[in-house]
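Descriptive structure summary
Here is what each chain is made of, one letter per residue.
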Amino acid sequence: MFFVRRRWAVRVITETGLPIKSAIATLLIDLIIWAAKQNEASARSVGQRLPKAESILLAAVGLHRNPTIARRLQRDIDLTDKEAHQALDATRTGARIVARAYGFDRLVALDDAR
């Protein structure tokens, strides 16, 4: 299948309520995909395979922990600090909703444990 990561990232952003064609949604989708690729590379380096759907959901859930991502939203989209963190929190919530809807309950439990 083509663009698996992008489809999953769009599902997450759709749950946030952001207009999917907005600049912030586009940047968040790109950042989620970038982080997912980093997660997949880390898993490969230790001999593990991380499915694309799970890597996207893990990346989306974890974006709010990365201060560089918030600064990038502020710089590229001209958001305030509060708006950037609200967008990242909404992304985390959207990822949790998608994870539950598609049966990734372990992922939600992992996020709860953090």
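Please refer to the structure placed before this passage.
Residues numbered from 1 in each chain as written. Predicted model: local features only at pLDDT ≥ 70, side-chain atom pairs only at ≥ 80, totals over all residues. Heavy atoms only, no water.

As a further point, take helix α2 (residues 23-45). Residue pairs spaced three or four apart in an α-helix point in one direction, given the helix's 3.6 residues per turn. An ideal rise of 1.5 Å per residue puts 33 Å on 23 residues; α2 measures up with 33 Å between its terminal C-alpha atoms. Taken together, the buried residues of α2 touch α1 (4-16), α3 (52-62), α4 (67-77) and α5 (81-101). Backbone geometry just downstream of α2 places G47 in the positive-phi region, at approximately 80°. (Helix = DSSP H or I, 4+ residues; strand = E, 2+ residues; numbered from the N terminus. Expected span 1.5 Å × (residues − 1). Contact = heavy atoms within 4.5 Å.)

Our focus in this paragraph is the side chain of T91. When you line up the elements, T91 lands in helix α5. Excluding its chain neighbours within four sequence positions, the residues that come into contact with T91 are V12, I13, T16, L28, I32, A60 and L63.

A few words on unusual backbone geometry. A negative phi angle characterises most non-glycine residues, just as the trans form characterises most peptide bonds. The phi dihedral of D78 is positive, around 60°, even though this residue is not glycine. Within the secondary structure layout, D78 lies in the loop between α4 and α5. The class of D78 is exposed, set by a relative accessible area of 67%. (Buried < 20%, exposed > 50% of the residue type's maximum accessible area, 1.4 Å probe, protein only.)

Inspection of helix α6 (residues 105-113) places L107, V108 and D111 among the buried residues, and these make up the whole buried set. Along the axis of α6, the buried residues cluster in a sector spanning 100°; they form a single face. Residues R106, D112 and A113 are exposed on α6 and point more than 90 degrees away from its buried face. Structurally, α6 contributes buried residues whose contacts are with α3 and α5. (Arc of directions from axis to C-beta.)

Let's shift gears to the nonpolar core. Of all hydrophobic cores here, the largest spans 35 residues; its most connected members are W8, I32, L57 and L73. By residue number, the principal contributor to this core is α2, which donates 10 residues. Every residue in contact with L73, bar those within four places of it in the chain, is listed here: I24, L27, L28, L31, D78, L79, A84 and L88. (Core = buried A, V, L, I, M, F, W, Y, C linked by side-chain atoms within 4.5 Å.)

Okay, the environment of L50 next. Positionally, L50 belongs in the loop between α2 and α3. L50 sits 14 residues away from A36 along the chain, and the two C-alpha atoms are 9.4 Å apart. L50 has contacts with N39, E40, A43, S55 and L58, leaving out every residue within four places of it along the chain.

Helix-helix packing is described using two parameters, namely the angle between the two axes and the distance between the axes. Interaxial distance between α2 and α3 falls to 8 Å at its minimum, and their mutual angle equals 115°. The handedness of the crossing between α2 and α3 comes out as right-handed. For the pair formed by α2 and α3, the contact residues are I32, I33, A35, A36, N39 and E40 on the first element and K52, S55, I56, L58, A59 and A60 on the second. Class assignment for the residues of the contact of α2 with α3 results in 8 nonpolar, 2 polar and 2 charged. (Axes fitted to C-alpha atoms, helices over the stretch in contact; angles between N-to-C directions. Left-handed = near helix turned anticlockwise from the far one by under 90°. Nonpolar A, V, L, I, M, F, W, Y, C, P; charged D, E, K, R; others polar.)

What follows is about the packing of α5 against α6. One way to put it is that α5 packs onto α6 with a least axis distance of 7 Å and a crossing angle of 145°. For the pair α5 and α6, the crossing hand works out as left-handed. Taken together, the residues of α6 that come into contact with α5 (itself represented by R92, R96, A99 and R100) are D105, L107, V108, D111 and D112. Looking at the contact of α5 with α6 residue by residue, the classes come out as 3 nonpolar, no polar and 6 charged.

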